[in-house]
Amino acid sequence: MTSTVQAPSTPPAASGRIRGLQCRECGELYPFEARHVCEMCFGPLEVAYDYALIAARISRASIAAGPPTLWRYRDLLPIEGERVVDTRTGFTPLVKADNLGKVLGLRNLWLKNDTVNPTFSFKDRPVSIASTRALELGFEVLACASTGNLAGSVAAHAAKAGMQACIFIPSDLEPAKILGASIYEPNLIAVDGNYDDVNRLSSEIADVYPWAFVNINLRPYYSEGSKTLAFEVAEQLGWTVPDAVVAPIASGSMFTKLHKGFSELAKVGLVDSQRTPRMIGAQAEGCSPVVQAARAGTYDVQPVRPNTIAKSLAIGNPADGYYAIKIVEQTNGALEAVTDPEIVEGIQLLARTEGIFAETAGGVTIGVLKKLITAGEIDPDEQVVAYITGNGLKTLDAVAEHVNAPLRVAPSLAAFEAAFKPAAFNPG
Ligand SMILES: *Cc1c(COP(=O)(O)O)cnc(C)c1O
Ligand SMILES: [Zn+2]
């Protein structure tokens, strides 16, 4: 029926490894099913594990024997069976960024290049987990409310899993993101409104239809996928934890689970240090509710109306904003935002120095990194990992007017030399 495949060389989950879903606020434990809100206190649910059991079965060697994808960390993921929706997501390059580091004044800068996932953003991580779990729970329809990248990822994973897809997007999404989802032939619904309107509508639909909304009723499973961004970086750094990480915040799901991932490594004994990195969150000034709350010295994140070119981060009412601020405090991290021109500059700087073309969210990350170094909040000797979460080919309009047009010439050497002026060209 489906085109799902076996996860190579990983044993099935031991019974008891997953304790269920647990409320982040009151600790109430729920069965391991499609639910996301605590019935007692309306707090968010997250997956709870038995770490002693996992520690007994996981090792650096068992992970190294796994596939070169996020499924190598399966023991720390909320999957019960053996069948996974495998799009070969994850295990993306961790690049030592000496050129960019030199420009910014950092001696130990690394980039996690998640632009090269199957649908060109980090969203393939949470969706790999959510689509697999949706099949395990017997759903036939995979759905989501998307700021753009999630649309393409859900559509692709539904195609791979042989499921129907219903995808809700704001109608003003970038053309490349609409086309990049449409090609997988989902039911694509463009809502006249912003993401927060789309999300509200999707929540209502999720109450009525038996669909697996990856970031609503399956959110506890979906969000766990982002932990692999921490696992991979630690493994790629020889099972050590960096001093600081910089990552973008939209709803705050990725940011908070990145932190959960680093914490779990210590809990199951994969890294020696109990330390987690300084967590640095990046937003676009035009949609920065989490940064605004931190600047005002409160945990009370006030919704905003987004107005920024960083559409993938344009969530005005971030579900995990409160927890993001807590984590920043707890880890002595930072929160900062940059303007649209600074985002474009960040995209250009990354491309010029490291040959990586990021979408606007990557410009936000690099822009914030630069801003915090200038402000003296990041030390030149700190080991820093910046997460580049989406591919520049998805947001071409953001940079279209900021690149040089090609030099047009007739097909002759004379015409080339007249136009090119080789004397002015300095290849050094
Ligand atoms: C979705 C997204 C994020 C982060 O989203 P969260 O809702 O905070 O998890 C970051 N970068 C890109 C490119 C995204 O598409
Ligand atoms: Zn509760």
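What you see is a predicted model; the values in this text were computed from it and never measured.

Caption draft 1: Geometry of the environment of proline 306. Its location among the elements puts proline 306 in the loop between helix 11 (289–295) and helix 12 (321–330). Residue classification places proline 306 among the partly exposed positions, given a relative accessible area of 22%. Considering only alpha carbons, one finds proline 306 and alanine 358, 52 residues apart in sequence, at a separation of 21 Å. Contact partners of proline 306, with chain neighbours within four places excluded, come to Asn194, Asp196, Gly286, Cys287, Ala314 and Gly316.

Caption draft 2: Quick look at unusual backbone geometry. Of note in the backbone geometry, phenylalanine 42 takes a positive phi value of approximately 65° without being a glycine. Backbone geometry at glutamate 185 places phi at a positive 60°, although glycine is not the residue there. According to the relative accessible area criterion, glutamate 185 is exposed, its value standing at 71%.

Caption draft 3: Summary view of the coordination of the zinc ion (ligand 2). The coordination sphere of the zinc ion (ligand 2), as far as protein atoms go, consists of Cys23 (SG), Cys26 (SG), Cys38 (SG) and Cys41 (SG), spread over 2.3 Å. Between the four donor atoms coordinating the zinc ion (ligand 2), the angles at the centre fall across 97 to 118°, so the site counts as tetrahedral. We note that the donor set of the zinc ion (ligand 2) lies within a single chain, spaced as C-x2-C-x11-C-x2-C. Placement of the pair is cysteine 23 in strand 2 (residues 18–23) and cysteine 38 in the loop between strand 3 (29–30) and strand 4 (45–49), with a sequence separation of 15 residues. For the residue pair cysteine 23 and cysteine 38, the accessibility class agrees, reading buried in each case.

Caption draft 4: Quick look at the nonpolar core. Counting residues in hydrophobic clusters, the biggest one holds 75 residues, and the most contacted among them are Leu258, Phe262 and Tyr387. When near neighbours in sequence (up to four residues on either side) are disregarded, tyrosine 387 contacts Lys112, Leu229, Ala230, Val233, Val245, Val246, Ala247, Pro248, Leu258, Phe262 and Thr365. In terms of nonpolar packing, the next biggest core, distinct from the first, is built from 49 residues, Tyr195, Val198, Ile216 and Val246 among them.

Caption draft 5: View of the site of ligand 1. Taken together, 16 residues lie around ligand 1, and Lys123, Asn149, Ala250, Ser251 and Thr389 are the ones closest in. Here an oxygen atom of ligand 1 and a side-chain polar atom of asparagine 149 are 2.8 Å apart. For ligand 1, the accessible surface in isolation is 390 Å², of which the surrounding protein chains cover 97%. Among the residues making up the shell around ligand 1, the classes are represented as seven nonpolar, seven polar and two charged.

Caption draft 6: The arrangement of the side chain of serine 312 in detail. Tracing the chain through its elements places serine 312 in the loop between helix 11 and helix 12. When its relative accessible area of 5% is taken as the criterion, serine 312 is described as buried. Of the polar contacts made by the side chain of serine 312, one reaches the side chain of glutamate 359; its length is 2.6 Å.

Caption draft 7: Main features of the packing of aromatic side chains. Applying the stated criterion to the full structure yields nine aromatic pairs. Seen from their ring centres, phenylalanine 168 and phenylalanine 213 are 5.9 Å apart, and the 25° between their planes marks the pair as stacked. With phenylalanine 168 in strand 9 (residues 164–170) and phenylalanine 213 in strand 11 (residues 212–213), the pair connects residues that are 45 residues apart, well separated along the chain. In this structure, phenylalanine 168 and phenylalanine 213 share a single accessibility class: buried.

Caption draft 8: Looking closely at the pattern of salt bridges. Enumeration over the complete set of coordinates arrives at 28 salt bridges. The residue arginine 219 makes a salt bridge to aspartate 320 at a minimum N-O spacing of 3.0 Å. Of this pair, arginine 219 sits in helix 8 (residues 219–224) while aspartate 320 sits in the loop between helix 11 and helix 12, and the two are 101 residues apart along the sequence. On the basis of relative accessibility, which here comes to 9%, the residue aspartate 320 falls in the buried class. Three or more residues joined by partner-sharing salt bridges are found here, namely Glu46, Glu224, Lys227, Lys257, Lys260 and Glu264.

Caption draft 9: Spotlight on the sheet that holds strand 4. Spatially, 3-2-4 is the arrangement adopted by the three strands of the open sheet, whose pairing is antiparallel. Either end of the sheet is taken by a strand with one partner, and the two such strands are strand 3 and strand 4. Direction of pairing for strand 2 relative to strand 4: antiparallel, over a ladder of five bridges. Residue isoleucine 18 lies in a different strand from strand 4, and its bridge partner there is tyrosine 49.

Caption draft 10: The sheet that holds strand 13 (residues 278–284), seen in detail. On the basis of which strands lie adjacent, the open sheet formed by six strands has the order 6-7-15-12-13-14 and mixed pairing. Looking along the sheet, the strands with just one partner apiece sit at the ends: strand 6 (94–96) and strand 14 (334–338). The sheet shows a mean angle of 25° between the axes of neighbouring strands, taken without regard to direction. Pairing between strand 12 (residues 244–248) and strand 13: five bridges, direction parallel. Residue pairing across strands places proline 248 opposite alanine 282, the latter belonging to strand 13. Seen against the sheet, helix 13 (residues 340–354) touches strand 6, strand 7 (108–113), strand 13, strand 14 and strand 15 (383–388) and runs at an angle of roughly 100° to strand 14.

Caption draft 11: Structural detail: a nonpolar patch on the surface. Together, Leu407, Val409, Leu413 and Phe416 give the surface a local cluster of nonpolar side chains, amounting to about 370 Å² of exposed area. By secondary structure assignment, the location of leucine 413 is in helix 15 (residues 413–420). Judged by its relative accessible area of 60%, leucine 413 falls in the exposed class.

Caption draft 12: Quick look at the pairing of strand 13. In terms of burial, strand 13 is a largely internal element, seven of the seven residues being buried. Burial along strand 13 is two-sided: the face carrying Arg278, Ile280, Ala282 and Ala284 and the face carrying Met279, Gly281 and Gln283 are both buried. Taken together, strand 12, helix 10 (residues 253–267) and strand 13 form a β-α-β motif whose crossover is right-handed. In this sheet, strand 14 lies alongside strand 13 in parallel orientation, the contact comprising five bridges. Among the inter-strand pairings, alanine 282 is bridged to a residue of strand 14, identified as glutamate 336.

What counts, and at which threshold
Residues numbered from 1 in each chain as written. Chains lettered and ligands numbered in written order. Predicted model: local features only at pLDDT ≥ 70, side-chain atom pairs only at ≥ 80, totals over all residues. Heavy atoms only, no water. Helix = DSSP H or I, 4+ residues; strand = E, 2+ residues; numbered from the N terminus. Buried < 20%, exposed > 50% of the residue type's maximum accessible area, 1.4 Å probe, protein only. Contact = heavy atoms within 4.5 Å. Donors = N, O, S within 2.8 Å, 3.2 Å for Na, K, Ca; no water. Tetrahedral: all angles 85-135°; square planar, octahedral: opposite > 155°, others 65-115°. Core = buried A, V, L, I, M, F, W, Y, C linked by side-chain atoms within 4.5 Å. Near = heavy atom within 4 Å. Polar contact = N/O pair within 3.5 Å; in protein donor to acceptor, adjacent residues only side chain to side chain. Areas by Shrake-Rupley, 256 points an atom, 1.4 Å probe, with all protein chains shown as cover. Nonpolar A, V, L, I, M, F, W, Y, C, P; charged D, E, K, R; others polar. Phe/Tyr/Trp six-rings, centres within 6.5 Å; stacked < 30°, edge-to-face > 60°. Salt bridge = Lys/Arg side-chain N within 4 Å of Asp/Glu carboxyl O. Pairing = 2+ DSSP bridges. Axes fitted to C-alpha atoms, helices over the stretch in contact; angles between N-to-C directions. Patch = residues over 30% accessible without salt bridge, like charges linked within 9 Å, V, L, I, M, F, W, Y side chains within 5 Å. Right-handed = clockwise from strand over helix to strand, strands pointing away.

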